[in-house]
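What the coordinates show
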Amino acid sequence: MADQQPAHRPDRAPGAHTAYAPPQPPVSDGYRRWAGILVRLAAVIAFLMAAALVASVVLLVRADADTRNAAYGYLALALWAGIVLAIPVLLAVGIPGVVMTRRVRQQRTGPS
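In this text, all values refer to a predicted model and were calculated from it rather than measured experimentally. Note that residues are indexed from 1 along each chain, following the sequence as it is written. Per-residue local features of the predicted model are confined to residues with pLDDT of at least 70, and side-chain atom pairs are confined, for both listing and counting, to 80 or more; whole-chain, interface and lining totals are unaffected and use all residues. Heavy atoms from the whole structure form the basis of all side-chain values; hydrogens and water molecules are not counted.

Remarks on the packing of aromatic side chains
Only Phe, Tyr and Trp rings take part, Trp by its six-membered ring, and two of them pair if their centres are within 6.5 Å. Stacked means planes under 30 degrees apart, edge-to-face means over 60, and tilted covers everything else. Applying the stated criterion across every chain yields a total of zero aromatic pairs. We count a charge as sitting over a ring when the NZ of a lysine or the CZ of an arginine lies within 6 Å of the ring centre and within 35 degrees of the ring normal. Looking at Arg-103, its charged tip hangs above the ring of Tyr-31, at a distance of 5.1 Å from the centre.

Examining the environment of Ala-51
Along the chain, Ala-51 falls in helix 1 (residues 29–65). Only protein chains enter the accessibility calculation, which uses a 1.4 Å probe; a residue whose area is less than 20% of its type maximum is buried, one above 50% is exposed, and one in between is partly exposed. A residue is classified by how much of its surface remains accessible, and Ala-51, at 37% relative accessible area, is partly exposed. Considering only alpha carbons, one finds Ala-51 and Ile-83, 32 residues apart in sequence, at a separation of 10.0 Å. Helix and strand labels come from DSSP, where a helix needs a run of H or I of at least four residues and a strand needs a run of E of at least two; each type is numbered from the N terminus.

Overview of the packing of helix 1 against helix 2 (residues 71–109)
Working convention: axes come from line fits to C-alpha atoms, limited for helices to the stretch in contact. Angles between N-to-C directions cover 0 to 180 degrees. Contact geometry for helix 1 and helix 2: axes closest at 7 Å, N-to-C directions at 160°. By the angle class used here, helix 1 and helix 2 are roughly antiparallel. Judged by the twist between their axes, the crossing of helix 1 over helix 2 is left-handed. When an angle is under 35 degrees it counts as roughly parallel; over 145 it counts as roughly antiparallel; between 65 and 115 it counts as roughly perpendicular; any other value is oblique. Less than a right angle of anticlockwise turn of the near helix away from the far helix marks a crossing as left-handed, whereas a clockwise turn marks it as right-handed.

So, the pattern of salt bridges
Any carboxyl oxygen of Asp or Glu within 4 Å of a side-chain nitrogen of Lys or Arg constitutes a salt bridge here. Inspection of every chain in the model, using the stated rule, returns two salt bridges. Here Arg-32 and Asp-29 are joined by a salt bridge, their closest N and O atoms 2.9 Å apart. Taken together, the positions of Arg-32 and Asp-29, both in helix 1 and three residues apart, correspond to about one turn of that helix. For Arg-32, a relative accessible area of 34% translates into the label partly exposed. Under the relative-accessibility criterion, Asp-29 is labelled exposed at 55%. Between Arg-68 and Asp-66 there is a salt bridge, and its shortest N-O distance comes to 2.9 Å. On the accessibility criterion, Asp-66 (24% relative accessible area) is partly exposed.

Rendered as structure tokens:
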């Protein structure tokens, strides 16, 4: 029994995926709204992280220019810590937002 090959079906290529996936329920308006909110929120977080990176470089340049401005270097380090802490938040918001948006688009265009 174990050495028997399954019957060849002419409508399916050899080695094709044979699993059945049940159709997904239609996407609601609330789901579509949350997908947009999550994607926009991820864009805002990414923009703030980029602005913090630029600000930290400016603060480091000011701290390096004069020893009386050494506190700016510590502010730059605090911004870097904020950037590092924001990375998981960006991923936690952005990945579901992209997945939800993809599902909304697939639902709009039909299964591919």
